[in-house]
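Okay, here's what each chain looks like letter by letter:
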Amino acid sequence: MSEELAGATGDENDVWSVPRFAEELRELKLRAGSPALRKISGKTRGRWGTATLSELFAGGGRRAPRWELVDDVVRALVVCAREQSLELEASLADRDEWSRRHQLVQAELGREKAQQTLRRKKLLDQFLVLPADQIECWNGRPAPSGGVYLPRPDFDEELRVALATPSAPYPFLLVYGEDGAGKSTSAWTAIVETLEPGTKVLVPRDMSAIAALARADDVPTIMTGRLLIWADGLTSADLDRLTPETLELLANRAFLVATILADECAAILDSHGMKPTARAALKRAYSVPLPYDPEIIEIIEQTARAKDVELRRAEPGVEPHLMWIRLNTGRFQSPSGVAIVRSIIDLRRAGLTRPALEEELKQLFPIYLAETDDIPVSDELFAAGIAWAQKTGHDILPMLHFRSYRGCRSWITSDHLRDDKATWKIPDSLWPALVGMLSPQECFHVAWAAYKRGVLVYAKEALVKAATIPENSARASVLLGNIFQRLGDLLAAKAALMAAISLGPSMEASAAADLLGRIFKAEGNIGHAIEYWTLATQWPGTHALMSWLELGCHYASVGETEKAVAALSRNFSDPLMPGLELRASTLLSFVRGSVDGMQALLEEWETAGNHRRESSDDVVRALREYVEFVRSAEESAYQSDLHSADIDVALAGGRKRFELGDLRGALEAFYDVAASAPPELRAAALYDAGSTAMEMGLLHEAREAYEESILCAQPHYSAQAALSLGGLLWEKEDLDAPGAIRAWTTAEELGDPETRVKAAFNIGVAHHNSQNYHNAVFKLQHAMNLADSGFKAKVAIMLAKTYQSMGADAAIIDDYYYQALRVDDPHCSPIAAVTLGDRIYRREGPISEALRVTRLAYNSQNPEAQGEAAWRLGHMLEELEELDEAIAAYETAIDAGHVDWAPAGHCALGLLHGTQGRKHIGMRHLQAAYNSGHPEHRLEAGYWVGMFYWWDGAHGNPGKLQNAVIMLREVVNSGHPKWGSQASSALAEIRENPEALD
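- If you check an unreviewed UniProt entry, the protein appears there as Tetratricopeptide repeat protein from Micromonospora rubida.
- UniProt's Sequence similarities (unreviewed entry) comment on the protein is quoted here verbatim: "Belongs to the Rap family."
- Under Subcellular location (unreviewed entry), UniProt gives the following word-for-word description of the protein: "Cytoplasm".

Dropping the structure here:
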């Protein structure tokens, strides 16, 4: 080794690397007696850690060690050698020599880096490189066509899952679709949102760059971190240059994400073996279609202006996704063939299980051809479409297969074309066509498919026909009842469900009775609900168990423990509803007051299989939280002290039971305290007892408790009891207005200032509703004078309404609304702004003040006021022809989610889009309004849906006329005074041309 050292010191052209430098340091350590790292560290000036020293001697890394570290270690090793009387050669102990070696290492690393940079530059000259800090911008690469990203959940999820691949081999993702469909923007958005921020993006100048990157031996040394190649706008020629070897090598180095036009894919598939490399690349790629969607195209255009694989039967020799690519890209090669294949797939999606008869396909052919292309229908065109779909060739198998079904010519699609992989929307015209040509038995399956897809009006049409045969009557009636309930027509829903029950005992009758119970419960008629749930339990099926659970919930809520236990003490296991057993068991443990039982149930359920848990996560979560709450409550539970002067201490036990849901126990505890308590404590206990009885629905008992509390004449709790008693008397079915006013007058006399304001306000409202306006103004003005700033807004609004009822001048009424605005209350001021803005608009049109005031509510945090303000603001802006702002306002009304204004927003936005030529977007919003079940906006939307169908039917798509008739007839049957009348007129005009409906 010493000879090597002597030679190394004398040859300046020798190559010095980091490993060689470390080897010489290890030699010095050996000659110094091999001292331990800890000993070396102790003799250094810098007290370097042993890990640092170990790394130095190992020679790891791509950088030269720091000179101060080397110098310090060399000094320490020389000291160690001297202590052991070991003689070192001069070259080993010479600091200047070690400094020269260190400089040689640095020089060698510099040469290596320069060579690496040269190699990297030579390779990357073929790419446009985006550094990691520029991944979210389009600088340095071609911008995507259109530049508008629109969420498409299925497509986005599939792409993001593929891009989440953690390590090699990485996928080759190929997004294909028609021009302008949003391929580039959708794919790039998925890249930005999924890949790590440090991913380096390469944009090839041509396909040879990708091949060069794949072949480069030293890619890991010149390009660190994750790589993604972005190949936007490939052609069939580009794919023909991506050999299997290139793609195989590339899979170990980088993601490859590419986009390509559907026409280019079609050209490859129809090349008759002329482009084998491209076909092989297409096979290898993870192909993700972005289908042609007229609504999405409309949104892209509108937004741009605003911004300025498992098989049932194997078919060897073909890849399933290639057949889907051929179908999805065939719109320009053979629109008739695409129309026929799609119609057969949609028949399966719509519930048909047998082969499609050729005569049925001919009836549907005009519908699907109109959806695909605007060309005349003919027998020759139909035959040409069949021929295209049966075409075979190199790597091409037919999409259609001939069958004879009951002696009739019939067709089925290839099993590779599974209907659950279809991405297009079923044409609306298909549903009425199916009802017209299929049997009643098949119509039930059509109805179920339509119901699951949310096209309820067509599900109803199919059920009407399905119910014409006895074996379908019960099932059809139950499903009809469900549809009517979702559409908000509760009278029709009840009639359909009672019809199912009248047919006799059955599982369908049980389902009908269970749903009737739920409807009556929602209406507040708990007596009828119990009656029908009890009826449902007499017959078999899942709905009997659901009714037992509903009964158990009700009896538990009103403290009837024995009835609750009787309802819940049964086997609730049901494979169709795995969460039912957990809900029932949880409630039973709760009724029995067994926290240990709940804990055991929770542990058993959480260790069960996922198939039991997946539909019960919400119950498990609630159960876990409740058990934790009860345990903590037990640890810190207060015991009631009937002799305590502290009201909170005396009532703690009852209040804790109330919090834990033991309402009956809480009620008894409050009565126990009240039985022997002094007046103030008795008033508090009876007030809590009344509130608990109200929670249980025991109105008579609540009234008695409140009245007993009032008799105690205590300033706080007796006044609160009087306030609550007034509310009870005012809101009960047999309104007792005089009794409510007397109770509120008592609250006004006994209470503190806040209670007196509320009581005076309530009395004013009662006088207003009784049309005793002068007394109403007197009490409301009194409340206005007493109220703090927050409550003044509410009182001011009520005064404005009262003066309006009295016929006062507009200026007086508006002034009170302005007073409510000035208070700036987060709840009431926005309500005042909506009303005031509408008043100004009705008098003077969409002037600036109307817009200003309405925007105050529009920008508020009150969801009800915001939703209404957004809808009204949209109308004003639409009148001013500020259409983009109107669209944004209507969308805000929808997003607010209010039960009234979200449907109103859908209806207005759908009509606006439709009249601006974006009928697909418009129809989607109108359908959402129709399916909302809103009593007013549902019918308005139904009318406009019918009118849009009529327009389509009269302009090249006659199949839509039947859709128009169905929808307009629904509106007519509602009897609505405005929309029913207008729909009747339109329906009569359509029927004047019966040929159009054939």
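1. Points about the overall build of the protein
And step 1. Broken down by element type, the protein carries 53 helices and nine strands.
And step 2. Counting over 998 residues, the protein shows a buried share of 51%.
And step 3. Of the roughly 46,500 Å² of accessible surface on the protein, 52% is carried by carbon and sulfur atoms.

2. Some thoughts on the pattern of salt bridges
And step 1. This model, assessed by the stated rule, comprises 37 salt bridges.
And step 2. With a shortest N-O distance of 3.0 Å, Arg518 and Glu550 are connected by a salt bridge. One end of the pair, Arg518, is in helix 26 (residues 507–522); the other, Glu550, is in helix 28 (residues 542–557), and 32 residues separate them in sequence.
And step 3. The closest approach of N and O atoms between Arg655 and Asp648, which form a salt bridge, is 2.9 Å.
And step 4. Given the relative accessible area of 23%, Arg655 is considered partly exposed.
And step 5. Residues joined in a network through salt bridges with shared partners are Asp514, Arg518, Lys521 and Glu550.

3. Observations regarding the sheet that holds strand 7 (residues 356–357)
And step 1. Judged by pairing direction, the sheet is antiparallel, and its three strands sit side by side in the order 7-9-8 without closing on themselves. For this open sheet the edge positions go to strand 7 and strand 8 (400–405), each flanked by a neighbour on one side alone.
And step 2. With two bridges joining them, strand 7 and strand 9 (residues 408–413) adopt antiparallel strand pairing. Following the sheet pairing, Ala356 is matched in strand 9 by Trp411.

4. Details of helix 26
And step 1. In a regular helix each residue adds 1.5 Å, so 16 residues correspond to 22 Å; helix 26 covers 23 Å between its end C-alpha atoms and thus fits that length.
And step 2. All of the buried residues along helix 26 are Ala509, Ser510, Ala511, Ala512, Ala513, Asp514, Leu515, Leu516, Gly517, Ile519 and Phe520.
And step 3. Elements that come into contact with the buried residues of helix 26 comprise helix 24 (470–486), helix 25 (490–502), helix 27 (526–536) and helix 28.
And step 4. For helix 26, the capping residue at the N-terminal end is Ser506, with a side-chain oxygen 3.4 Å from the backbone nitrogen of Glu508.
And step 5. Note on helix 26: the residue one or two positions beyond its end, Gly524, has a positive phi of about 90°.

5. Notes on the packing of aromatic side chains
And step 1. The final tally for this structure, using the stated rule, is 16 aromatic pairs.
And step 2. Taken together, the aromatic side chains of Tyr687, Tyr706 and Tyr717 make up a single cluster linked through ring pairs.
And step 3. A cation sits over an aromatic face here: Arg475 above Phe444, 4.0 Å from the ring centre.
And step 4. The positively charged end of Arg570 is found above the aromatic ring belonging to Trp548, 3.7 Å away from the centroid.

6. So, empty space enclosed by the protein
And step 1. Of the voids in this model, the second largest cavity is the one considered here, and its volume is about 30 Å³.
And step 2. Lining of the second largest cavity is provided by Ala266, Leu269, Asp270, Arg326, Thr329, Gly330, Gln333 and Trp388.
And step 3. By residue class, the composition of the lining of the second largest cavity is three nonpolar, three polar and two charged.

7. Some words on the packing of helix 48 (residues 883–896) against helix 49 (residues 901–915)
And step 1. At a minimum axis distance of 7 Å, the contact between helix 48 and helix 49 shows a crossing angle of 150°. In terms of orientation, helix 48 and helix 49 fall into the roughly antiparallel class. For the pair helix 48 and helix 49, the sense of crossing is left-handed. Contacts from Leu883, Ala886, Ile887, Tyr890, Glu891, Ala893 and Ile894 of helix 48 reach helix 49 at Trp901, Ala902, Gly905, His906, Ala908, Leu909, Leu912 and His913.
And step 2. For the contact of helix 48 with helix 49, the per-class residue count stands at 11 nonpolar, three polar and one charged.

8. Description of the pairing of strand 2 (residues 172–177)
And step 1. With six of its six residues buried, strand 2 lies for the most part within the structure.
And step 2. The sheet contact formed by strand 2 and strand 5 (residues 255–261) spans six bridges and is parallel. Bridging across to strand 5, Tyr176 finds its partner in Ile260.

9. Concerning the pairing of strand 9
Within a regular strand, side chains alternate between the sheet's two faces.
And step 1. Here strand 8 pairs with strand 9 via six bridges, running antiparallel. By the bridge assignment, Tyr405 is partnered in strand 9 with Cys408.
And step 2. Taking the residues that link successive antiparallel strands as the turn, the strand 8-strand 9 hairpin has two residues, and the phi of Arg406 there is positive, at about 50°.

10. Digging into the nonpolar core
And step 1. Residues Leu327 and Trp431 are the most contacted members of the largest nonpolar core, which totals 116 residues.
And step 2. With eight residues, helix 26 is the single largest residue contributor to this core.
And step 3. Excluding anything up to four places from it in sequence, Trp431 contacts Ala350, Ile426, Val446, Ala449, Ala450, Arg453, Val455 and Tyr458.
And step 4. Listed in part, the 52 residues of the second largest apolar core include Leu780, Tyr817, Leu821 and Trp871.

11. Brief notes about the side chain of Ser860
And step 1. Summarising the element assignment, Ser860 is placed in the loop between helix 46 (848–858) and helix 47 (863–879).
And step 2. A relative accessible area of 10% places Ser860 in the buried class.
And step 3. Looking at Ser860, its side chain comes within polar contact range of the main-chain oxygen of Ala857, at 2.7 Å.
And step 4. Within polar-contact distance, the side chain of Ser860 engages the backbone nitrogen of Asn862 at 3.3 Å.
And step 5. Among residues more than four places away in sequence, those in contact with Ser860 are Pro830 and Gln866.

12. Description of the environment of Glu248
And step 1. Secondary-structure assignment places Glu248 in helix 13 (residues 244–251).
And step 2. Taking the relative accessible area as the measure of exposure, Glu248 reaches 45% and is therefore partly exposed.
And step 3. Through-space distance from the C-alpha of Glu248 to that of Phe172 is 9.9 Å; in sequence the pair is 76 residues apart.
And step 4. Reaching out from Glu248, the side chain makes a polar contact with the side chain of Arg284 at a distance of 3.2 Å.

13. What about the packing of helix 45 (residues 828–844) against helix 47?
To characterise two packed helices, one gives the angle between the axes of the helices and the distance between these axes.
And step 1. Helix 47 packs onto helix 45 with a crossing angle of 25° between their chain directions and a minimal axis gap of 9 Å. Our classification of the angle between helix 45 and helix 47 gives roughly parallel. Every pair of crossing elements has a handedness; the one defined by helix 45 and helix 47 is left-handed. Every residue of helix 47 that contacts helix 45 at Pro830, Ile831, Val834, Gly837, Asp838, Tyr841 and Arg842 is listed here: Ala865, Glu868, Ala869, Arg872, Met876 and Glu879.
And step 2. Among the residues forming the contact of helix 45 with helix 47, the class breakdown is seven nonpolar, one polar and five charged.

14. What to know about helix 5 (residues 67–83)
And step 1. Taking 1.5 Å of rise per residue, the 17 residues of helix 5 would be expected to cover 24 Å, and the 24 Å separating its terminal C-alpha atoms lies within 8% of that figure.
And step 2. For helix 5, the full list of buried residues reads Leu69, Val70, Asp71, Asp72, Val73, Val74, Ala76, Leu77, Val78, Cys80 and Ala81.
And step 3. Directly after helix 5, the chain includes Ser85, whose backbone phi takes a positive value near 60°.

15. Details of unusual backbone geometry
And step 1. The backbone of Arg406 shows a phi angle near 50°, a positive value even though the residue is not glycine.
And step 2. Mapped onto the elements of the fold, Arg406 is located in the loop between strand 8 and strand 9.
And step 3. Take Arg406: its relative accessible area is 73%, and that puts it in the exposed class.
And step 4. Phi is positive for Ala713, close to 55°, though the residue is something other than glycine.
And step 5. As for its placement among the helices and strands, Ala713 is situated in the loop between helix 38 (699–711) and helix 39 (717–731).

Reading the values: the criteria
Residues numbered from 1 in each chain as written. Predicted model: local features only at pLDDT ≥ 70, side-chain atom pairs only at ≥ 80, totals over all residues. Heavy atoms only, no water. UniProt positions renumbered as here; feature names shortened; annotations may be inferred. Helix = DSSP H or I, 4+ residues; strand = E, 2+ residues; numbered from the N terminus. Buried < 20%, exposed > 50% of the residue type's maximum accessible area, 1.4 Å probe, protein only. Areas by Shrake-Rupley, 256 points an atom, 1.4 Å probe, with all protein chains shown as cover. Salt bridge = Lys/Arg side-chain N within 4 Å of Asp/Glu carboxyl O. Pairing = 2+ DSSP bridges. Expected span 1.5 Å × (residues − 1). Contact = heavy atoms within 4.5 Å. Polar contact = N/O pair within 3.5 Å; in protein donor to acceptor, adjacent residues only side chain to side chain. Phe/Tyr/Trp six-rings, centres within 6.5 Å; stacked < 30°, edge-to-face > 60°. Lys NZ or Arg CZ within 6 Å of the ring centre and 35° of its normal. 1 Å grid on protein atoms, 1.4 Å probe; cavity = no way out; pocket = protein on both sides within 12 Å on 5 of 7 lines; lining within 4 Å. Points joined across faces, edges and corners; volume = space filled by probe spheres on them. Nonpolar A, V, L, I, M, F, W, Y, C, P; charged D, E, K, R; others polar. Axes fitted to C-alpha atoms, helices over the stretch in contact; angles between N-to-C directions. Parallel < 35°, antiparallel > 145°, perpendicular 65-115°, else oblique. Left-handed = near helix turned anticlockwise from the far one by under 90°. Core = buried A, V, L, I, M, F, W, Y, C linked by side-chain atoms within 4.5 Å.

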